[in-house]
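Survey of secondary and tertiary structure
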Amino acid sequence: MAVQPDDVLDACGLPCPLPLLKAKQALARLVPGQLLEVRATDAGSWRDFATFAEHSDHILENREQRGETYHYWLRKAGTTDT
């Protein structure tokens with residue numbers, strides 16, 4: 001993915017559900033519209049991130065597997081207008 005994320009979370013080596021929990025914490029620190037990239041090695045994170053995006057207002061812009069590492073790009077929900 002060519003888009004530059006606003007923050008990168010390395011959750012490699014963390015077991016389920018920690019990658020998603022750490023991603024939620026990282027999203028809380030971003031402003032609406034910013035992009036978070038998450039890297040994880042837990043195979044269950046593939047399903048977890050898709051389900052999270054379906055049940056939240058955040059947008060799962062893309063996800064891909066590169067070898068043993070899963071990459072997710074989440075856009076924080078909300079408007080950037082003040």
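Description of the structure in this document. Position numbers for residues start from 1 in each chain and track the written sequence from start to end. Predicted model: local features are reported for residues with pLDDT of at least 70 only, side-chain atom pairs are reported and counted for 80 or more only, and whole-chain, interface and lining totals are derived from all residues. Side-chain measures here rest on the full set of heavy atoms in the structure, leaving out hydrogens and waters.

What follows concerns the overall build of the chain. Elements are defined by DSSP. Helices are runs of H or I of four residues or more, strands are runs of E of two residues or more, and each kind is numbered from the N terminus. A count of helices and strands for the chain gives two helices and four strands. The order of α-helices and β-strands along the chain, N terminus first, is β-α-β-α-β-β. Rg of the C-alpha trace for the chain: 12 Å, near the compact-globule value of 12 Å for 82 residues, within the 12% margin. Principal-axis analysis of the C-alpha atoms places the extent of the chain at approximately 40 × 25 × 20 Å. Remark: exposure states derive from per-residue accessible area (1.4 Å probe, protein chains only) relative to the maximum for the residue type, with buried under 20%, exposed over 50%, and partly exposed in between. Across the 82 residues in the chain, those meeting the buried criterion constitute 37%. Residue pairs at least 24 apart in sequence account for 65% of intrachain contacts in the chain once pairs closer than 6 positions are excluded. On the chain, roughly 4800 Å² of surface is accessible, and the fraction owed to carbon and sulfur atoms is 49%. Under the convention used here, Asp and Glu are negative, Lys and Arg are positive, and both His and the chain ends fall outside the count. Charge placement uses NZ in Lys and CZ in Arg. For Asp and Glu, CG and CD serve respectively. Separation of charge centres in the chain, based on 9 positive and 12 negative side chains, amounts to 3 Å. Only C-alpha atoms enter the radius of gyration, while the globule expectation follows 2.2 Å times N to the 0.38, with N the number of residues. We call two residues contacting when some pair of their heavy atoms lies within 4.5 Å. Here the accessible surface of atoms and residues is derived via Shrake-Rupley with a 1.4 Å probe, and residues count as covered only by protein chains that are part of the display.

Grouped together as the largest cluster of nonpolar side chains are 15 residues, with contacts concentrated most on A23, L27, L36, V38, F49 and Y72. Within the residue set of this core, elements represented by two or more residues are β1 (7–11), α1 (18–29), β2 (35–40), α2 (45–54) and β4 (69–75). Setting aside residues up to four positions removed in sequence, L27 forms contacts with L36, F52, H58, L74 and K76. Definition used in this section: a nonpolar core is a set of buried Ala, Val, Leu, Ile, Met, Phe, Trp, Tyr and Cys residues joined via side-chain atoms within 4.5 Å.

Once that is clear, we can look at the packing of α1 against α2. For the pair α1 and α2, interaxial distance at closest approach is 10 Å and the crossing angle is 40°. Relative to α2, the element α1 is oriented oblique. The way α1 lies across α2 gives a crossing that is right-handed. Between α1 and α2, the contacting residues are P19, L20, A23, K24 and L27 on the first element and D48, F49 and F52 on the second. Fitted lines through C-alpha atoms serve as axes, helices being fitted only where they are in contact, and the angles separating the N-to-C directions of these axes extend from 0 to 180 degrees. The labels follow the angle: roughly parallel below 35 degrees, roughly antiparallel above 145, roughly perpendicular from 65 to 115, and oblique for the rest. Left-handed describes a crossing whose near helix is turned anticlockwise from the far helix through less than a right angle; right-handed describes the clockwise counterpart.

Turning our eyes to something else, we now look at the packing of aromatic side chains. Ring geometry is summarised as follows: Phe, Tyr and Trp rings, the Trp one being its six-membered ring, pair when their centres sit within 6.5 Å, and such pairs are stacked at plane angles under 30 degrees, edge-to-face over 60 and tilted between the two. According to the stated counting rule, one finds three aromatic pairs in the structure shown. Measuring from ring centre to ring centre gives 5.9 Å for W46 and Y70, while their planes differ by 55°; the resulting arrangement is tilted. With W46 in helix α2 and Y70 in strand β4, this residue pair connects regions lying 24 residues apart in the sequence. On the accessibility criterion, Y70 (11% relative accessible area) is buried.

On to α1, then. Helix span, expected: 1.5 Å multiplied by one less than the number of residues in the helix. Between its first and last C-alpha atoms α1 spans 17 Å; for 12 residues at 1.5 Å apiece the expected length is 16 Å, and the two agree. In this structure, the buried residues of α1 make contact with β1, β2, α2 and β4.

Take the pairing of β4 next. Burial of β4 is extensive: five of the seven residues sit out of reach of the surface. Alignment of β2 against β4, held across six bridges, turns out to be antiparallel. Within β4, the position partnered with A40 by the bridge is Y70. Here, a strand pair is defined by DSSP locating no fewer than two bridges between the strands. Bridge count for strand β3 (residues 59–66) against β4 is seven bridges, and the pairing is antiparallel. Counterpart to Q65 in the pairing with β4 is Y70.

By themselves, these are just geometric observations and shouldn't be taken as functional.
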